[in-house]
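Overview (structure and organization)
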Amino acid sequence: MSAERVLVTGAAGSVGGQLLPGLAGRPLRLFDREAADHPDAEVVTGELTDPAALERALDGVGAVVHLAGNPDPSAPWEELRGPNVEGFAALLAAAERAGVRRVVFASSVHAMGAYEADGRVPVDAAWAPRACCPYGATKVFDEAVAQVASRRGPVSTVGLRLGATVPEPTKRSQLASWLGPADLRQLVVRALDADVHHGVFPAVSGGTRRHWDLTAARTGLGYEPALDSEEFASGVQDDGTDTGVCPR
Ligand SMILES: [Zn+2]
């Protein structure tokens, strides 16, 4: 769409590595604790909670794809609070100060995981958030603080409730929420460019085993999933469950 510079936080992580090829052609700046190996992008290293590092990272940036944080659904609150709560709030505040147009941020299916864990599927994105774990609760907070920022000011915020974001599903529990690389890239590009001021959308690939209703992503972002976990279903390890979220 435009030639605005896009900052990707958490760029050195697993999701970042799967995403970056989808942002080719856009001026990129990558932010992480350690330098991501990317020949065509500027790199800024630092901590999300360091205001000076955030100011450097956001200077001249039009949009942010925020992937940084603790991605471990089994992590305790003490390990999640800093990166997922304080870190995201700091990033949003700095983005507002820097005049950033849009922040696309990684939420998670764990923000709605209690529905899937209780068998209330397919999960409708319009239902009230209902996390299955402290990790999911931090994502519910991130969705709320983003909504407040967009309600009060010009910064636009789009949350993506990412499912199992791996190149291929390898376990039965990943089949219902798998988000493959091509669909991840499509969703983030659409989230950067969509005509929406604030929204939170389900972010999984298509397929018959899906537990997540994609209507909101189709209508709000124009998402058309290209991948289906079914083609991997016969080869995955049976880890005893059809859901990727946390049991009660
Ligand atoms: Zn969970």
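A brief look at the structure comes next. (Residues numbered from 1 in each chain as written. Predicted model: local features only at pLDDT ≥ 70, side-chain atom pairs only at ≥ 80, totals over all residues. Heavy atoms only, no water.)

1. Some remarks on the overall build of the protein chain
Formally: Where helices and strands are cited, they refer to DSSP runs of H or I of at least four residues and of E of at least two residues respectively, numbered from the N terminus. Radius of gyration here is computed from C-alpha atoms only, and the compact-globule reference equals 2.2 Å multiplied by the residue count raised to the power 0.38. Relative accessibility under 20% of the residue-type maximum defines a buried residue, over 50% an exposed one, and the middle range a partly exposed one, all with a 1.4 Å probe and only protein chains included. By definition in these notes, contact holds between two residues if any of their heavy atoms fall within 4.5 Å. Per-residue and other accessible areas follow the Shrake-Rupley method at a 1.4 Å probe size, with only the shown protein chains counted as cover for residues. Note on charges: Lys and Arg go in the positive column, Asp and Glu in the negative column, and His and the chain ends are not counted at all. By convention, the point assigned to a charge is CZ for Arg, NZ for Lys, CD for Glu and CG for Asp.
Per the secondary structure count, the protein chain includes 7 helices and 7 strands. Ordering the α and β elements of the protein chain from the N terminus gives β-α-β-β-α-β-α-β-α-α-β-α-β-α. A globule of 248 residues ought to have a C-alpha radius of gyration of about 18 Å, and the protein chain, at 17 Å, matches this closely. Counting only C-alpha atoms and orienting by the principal axes, one finds that the protein chain spans roughly 45 × 35 × 35 Å. By residue count, 52% of the 248 residues in the protein chain fall in the buried class. Long-range contacts, defined here as pairs at least 24 residues apart, represent 64% of the contacts in the protein chain between residues at least 6 apart. Carbon and sulfur atoms provide 50% of the accessible area of the protein chain, an area that totals close to 10,800 Å². Of the charged side chains in the protein chain, 23 are positive and 32 negative, and the gap between their average positions amounts to 5 Å.

2. Considerations on the packing of aromatic side chains
How we decide: Any Phe, Tyr or Trp ring, taking Trp's six-membered ring, that has another such ring centre within 6.5 Å forms a pair; planes under 30 degrees apart are called stacked, those over 60 apart edge-to-face, and the others tilted.
On inspection of all chains with the given rule, the structure shows 3 aromatic pairs. Between F88 and F105, the aromatic rings sit 4.9 Å apart at their centres with planes inclined by 40 degrees, giving tilted as the arrangement. Of this pair, F88 sits in helix α3 (residues 77-97) while F105 sits in strand β5 (residues 102-108), placing them 17 residues apart in sequence. As far as the burial class goes, F88 and F105 line up, both buried.

3. A closer look at the sheet that holds strand β7 (residues 198-203)
Note the threshold: Pairs of strands are assigned from DSSP output, requiring at least two bridges between the strands. Axes here mean lines fitted to C-alpha atoms, for a helix over just the part in contact, with angles spanning 0 to 180 degrees between N-to-C directions.
Across the sheet, 7 strands lie side by side as β3-β2-β1-β4-β5-β6-β7; this open sheet has parallel pairing. What marks the edges here is a single partner per strand, and that holds for β3 (41-45) and β7. With direction set aside, neighbouring strand axes in the sheet form an average angle of 20 degrees. With 5 bridges connecting them, strand β2 (residues 28-32) and β3 associate as parallel partners. Looking at β3, one finds that R29 is bridged to E42. Contacts from helix α2 (residues 51-58) reach β1 (5-9), β2, β3 and β4 (61-66), with the element oriented near 165 degrees to β2. Where α3 meets the sheet, it contacts β1, β4, β5 and β6 (156-162), and its direction lies at approximately 165 degrees from that of β5.

4. Overview of the nonpolar core
Here is the rule: In this text, buried Ala, Val, Leu, Ile, Met, Phe, Trp, Tyr and Cys residues form a nonpolar core when linked through side-chain atoms within 4.5 Å.
Core analysis: the biggest nonpolar cluster contains 44 residues, and V8, L28, V65, L160 and V188 have the highest contact counts within it. Put simply, the parts of the chain that give this core at least two residues each are β1, β2, β4, β5, β6, α6 (181-193), β7 and α7 (215-221). In terms of residue count, the dominant contributor to this core is α6 (5 residues). Judged by nonpolar contacts, the second largest core, of 22 residues, contains F31, L48, V64 and V100.

5. Details of the coordination of the zinc ion
Put simply, the test is: Coordinating donors are taken as N, O and S atoms within 2.8 Å of the metal, stretched to 3.2 Å for Na, K and Ca; because water is absent from the atoms, sites can appear incomplete. In these descriptions, tetrahedral denotes four donors with every angle between 85 and 135 degrees, square planar four donors and octahedral six donors with opposite donors over 155 degrees apart and the rest between 65 and 115, and irregular any other case.
Binding of the zinc ion to the protein goes through H110 (ND1), C132 (SG), C133 (SG) and C246 (SG), at separations of 2.1 to 2.3 Å. Coordination at the zinc ion comes from 4 donor atoms whose angles at the metal span 97 to 119 degrees, giving a geometry best classed as tetrahedral. Donor residues for the zinc ion, ordered by position in the chain, follow H-x21-C-C-x112-C. Highlighted residues: C132 in the loop between α4 (113-117) and α5 (134-152) and C246 in the segment after α7, separated in sequence by 114 residues.

6. Quick look at the pairing of β1
The cut-off we apply is this: Convention used here: a crossover is right-handed provided that the path from the first strand, over the helix, to the second strand proceeds clockwise when the strands point away from the viewer.
The buried count for β1 comes to 4 of 5 residues, which makes it a mostly enclosed element. Sheet analysis places β1 next to β4, joined by 5 bridges and oriented parallel. Residue V6 lies in a different strand from β4, and its bridge partner there is A63. Summarising the sheet, β1 and β2 pair through 4 bridges and their orientation is parallel. Looking at the pairing, L7 lines up with R29 of β2. Handedness of the crossover is the feature at issue here: the chain leaves β1, passes through helix α1 (residues 14-19), returns alongside β2, and the resulting connection is right-handed.

Any functional reading would require information beyond the geometric quantities listed.
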